[in-house]
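# Commentary on secondary and tertiary structure
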Amino acid sequence: MRKHIVAGNWKMNNGLIQTESLIAELKTKQKTSDAEVMIAPSFTNLWHAFESTRQHDIEVVAQNMHFSEKGAYTGEVSAGMLKSIGIKTVILGHSERRAYFNETDESLAKKVDTALAHDMRVIFCFGEELSDRKAGNEEAVVESQIKNALFHLEADAFKHIVLAYEPVWAIGTGETASPEQAQDMHAFIRKTLESKYGHTVADDMTILYGGSVKPNNAKEIFSKPDVDGGLIGGASLKADDFYAIVNAF
Ligand code: PGA
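Note that the structure is a prediction, hence the values are computed from the model and not measured.

The strand order across the open sheet built from eight strands is β3-β2-β1-β8-β7-β6-β5-β4, with neighbouring strands paired in parallel fashion. Strand pairing shows two members of the sheet lacking a second neighbour, β3 (58–60) and β4 (89–92), which therefore form its edges. Averaged over all pairs of adjacent strands, the angle between strand axes in this sheet comes to 25°, irrespective of strand direction. The pairing of strand β5 (residues 121–126) with strand β6 (residues 161–165) spans five bridges and is classified as parallel.

In structure tokens:
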């Protein structure tokens, strides 16, 4: 079922003390919208964040995981490890993972399979580079990212997937896709899903926009009919800004 979601991707920010104080502040904020709220702290703070939001309407999610169950993968974290501390959702395929850690459509397809095998929900990220958009290739790029990593799945699996369209040129740059650019791409994503899985899967899919969403532009972006929420980087590190975005619905 389609939902409103606002997820804060903390990236490699906030040690234990900052995590504690930001969560304490987030818990004082009033939620006036119907959006599901998620935060994605670093691995080292996941357990603490999970414990301290237990009684709260905030889901703690992971920023990444490995596709293997276990073994000799120094520095990696498995789906089972995340599940063992209560984490039920994982962000996969963020453009920073693709750009700096060599994640590919193929490795992401494996990660998606592993997460789903563990009954986890996946926030699957994708989006074009500036050069793709300048060349008019943004739809082709997005279509291939979705097809290569997800189109081996059965229709039923899409109930556990949230899509996050994040044009790389808009991430952390202060430059946002215009609400129209976001809407056009989200409509295209739905059409792509519909072509393979039919109307219900496409219509039920929650599609988030990510890339410099701020309190001053969230309302307009979220007002578009195919935009169901946001994946928020920089602005999720300030409780006031984050909740202004959560409440923009
Ligand atoms: P940003 O990051 O909001 O800082 O642009 C978005 C993201 O990377 O998810």
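Here the focus is the pairing of strand β2 (residues 36–40). Regular strands have side chains that alternate between both faces of the sheet. By the criterion of burial, β2 is predominantly enclosed, with four of the five residues buried. By the bridge criterion, five bridges tie strand β1 (residues 5–9) to β2 in an arrangement that is parallel. In the strand pairing of β2, asparagine 9 is matched with alanine 40.

Taken together, 13 residues form the shell around the ligand, and within it Lys11, His94, Glu166, Gly172 and Ser212 come nearest. Taking glutamate 166, its side chain carries an N or O atom lying 2.7 Å from an oxygen atom of the ligand. Contact with the protein chains covers 97% of the free accessible surface of the ligand, which is 280 Å². Of the residues in the shell around the ligand, the class split is four nonpolar, seven polar and two charged.

Definitions and cut-offs
- Residues numbered from 1 in each chain as written.
- Predicted model: local features only at pLDDT ≥ 70, side-chain atom pairs only at ≥ 80, totals over all residues.
- Heavy atoms only, no water.
- Pairing = 2+ DSSP bridges.
- Helix = DSSP H or I, 4+ residues; strand = E, 2+ residues; numbered from the N terminus.
- Axes fitted to C-alpha atoms, helices over the stretch in contact; angles between N-to-C directions.
- Buried < 20%, exposed > 50% of the residue type's maximum accessible area, 1.4 Å probe, protein only.
- Near = heavy atom within 4 Å.
- Polar contact = N/O pair within 3.5 Å; in protein donor to acceptor, adjacent residues only side chain to side chain.
- Areas by Shrake-Rupley, 256 points an atom, 1.4 Å probe, with all protein chains shown as cover.
- Nonpolar A, V, L, I, M, F, W, Y, C, P; charged D, E, K, R; others polar.

Read these as spatial facts, not as claims about activity.
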